[in-house]
Amino acid sequence: MSTSDDSLQPVVGAGCLALADFLAELSPSEWDTPSLCEGWRLREVVAHLTMPARYSEEAFMAELRQCGFDFTVLSNRVASRDSELPSADLVGQLRSDVMQHWTPPGGGYAGALNHVVVHGLDVTVPLGRPRVFPDATVRQVLEDLTSGGVHAHFGTEITGRLVATDIDWSHGDGREVTGSAQDLILHLTARRNPVESQTPVR
């Protein structure tokens, strides 16, 4: 799917709202489920995802300075601290106009879409629930992850021909690596799926 970056803003907004609707129905115990992000429960993932809704650029930079400009340290600190916020507050922040228009530095709306979809899978997969994002959205994320070296940010390499088994999408040449669209996204972003998928990456 070829699309301009600006045209992805409504897709980002729809993704935030779909994930918020999913989260709003979870029980307190489900919020404490270990996510696909090592050491984080679902609530830490959502606290991390919604950080832009709580911190201005000035507040973010102040936190980053306190962490020695180490973004990993900052992410863990904020996720741990803000995970204690009421889940309803975190869901409300995900629905905010700020989140619908936020873009990561240098990443544009494509980066924002990757952010919400990948972290959305970090939440839905451990619960064994279907993805909340439509086919066109996950196809766009796969396109972005396999172009311009985006996948390398996660320390992964593309070897062979990636083929999605549940949507019309493929990339590359050589030996086929198959799986559902969400499993291919997890594969490209170095996630380890703790539950057996119906279409594991092979």
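As the structure is a prediction and not an experimental result, all values here were calculated from the model.

## As for the overall build of the protein chain
Move 1: Scanning the protein chain from N- to C-terminus turns up 11 helices and three strands.
Move 2: By the compact-globule yardstick of 17 Å for 202 residues, the protein chain fits well, its C-alpha radius of gyration being 17 Å.
Move 3: The principal-axis extent of the C-alpha atoms belonging to the protein chain is close to 45 × 35 × 30 Å.
Move 4: Here the protein chain, with 202 residues, has 48% of them falling under the buried criterion.
Move 5: Sequence-distant contacts in the protein chain: of pairs separated by 6 or more residues, those separated by 24 or more amount to 61%.
Move 6: For the protein chain, the exposed surface amounts to about 9,800 Å²; the carbon and sulfur share of it is 51%.
Move 7: Here the protein chain contributes 15 positive and 27 negative side-chain charges, whose respective centroids are spaced 4 Å apart.

## Re helix α3 (residues 42-49)
Helical geometry: 3.6 residues make up each α-helical turn, so side chains three or four residues apart lie on a common side.
Move 1: With respect to burial, α3 is a largely interior element, eight of its eight residues being buried.
Move 2: Residues L42, R43, E44, V45, V46, A47, H48 and L49 constitute the buried set of α3.

## Here's the deal with the confidence of the model for the protein chain
Move 1: Confidence along the protein chain averages 89 in pLDDT terms, with 91% of residues attaining 70 or more.
Move 2: Here residues 194-200 is a poorly scored stretch, pLDDT under 50, and it has 13 contacts once near neighbours within four places are set aside; other chains count.

## Quick look at the side chain of T146
Move 1: Turning to its location among the elements, T146 is positioned in the loop between α10 (135-145) and β1 (161-164).
Move 2: Owing to a relative accessible area of 9%, T146 belongs among the buried residues under this scheme.
Move 3: Within the structure, the side chain of T146 is placed 3.3 Å from the backbone oxygen of E143, a separation counted as a polar contact.
Move 4: Every residue in contact with T146, bar those within four places of it in the chain, is listed here: I158, L162, W169, H171 and L188.

## Describing the packing of helix α9 (residues 108-124) against helix α11 (residues 181-188)
Move 1: Across the interface, α9 lies against α11 with an axial gap of 11 Å and an inter-helix angle of 105°. The angle between α9 and α11 places the two elements in the roughly perpendicular class. On the side of α9, the interface is formed by V117, V118 and L121, while α11 contributes Q182, I185 and L186.
Move 2: Along the lines of polarity and charge, the residues of the contact of α9 with α11 split into five nonpolar, one polar and no charged.

Reading guide: rules and limits
Residues numbered from 1 in each chain as written. Predicted model: local features only at pLDDT ≥ 70, side-chain atom pairs only at ≥ 80, totals over all residues. Heavy atoms only, no water. Helix = DSSP H or I, 4+ residues; strand = E, 2+ residues; numbered from the N terminus. Rg over C-alpha atoms; globule rule 2.2 N^0.38 Å. Buried < 20%, exposed > 50% of the residue type's maximum accessible area, 1.4 Å probe, protein only. Contact = heavy atoms within 4.5 Å. Areas by Shrake-Rupley, 256 points an atom, 1.4 Å probe, with all protein chains shown as cover. Lys, Arg positive; Asp, Glu negative; His and termini not counted. Charge placed at Lys NZ, Arg CZ, Asp CG, Glu CD. pLDDT = per-residue confidence, 0-100. Polar contact = N/O pair within 3.5 Å; in protein donor to acceptor, adjacent residues only side chain to side chain. Axes fitted to C-alpha atoms, helices over the stretch in contact; angles between N-to-C directions. Parallel < 35°, antiparallel > 145°, perpendicular 65-115°, else oblique. Nonpolar A, V, L, I, M, F, W, Y, C, P; charged D, E, K, R; others polar.

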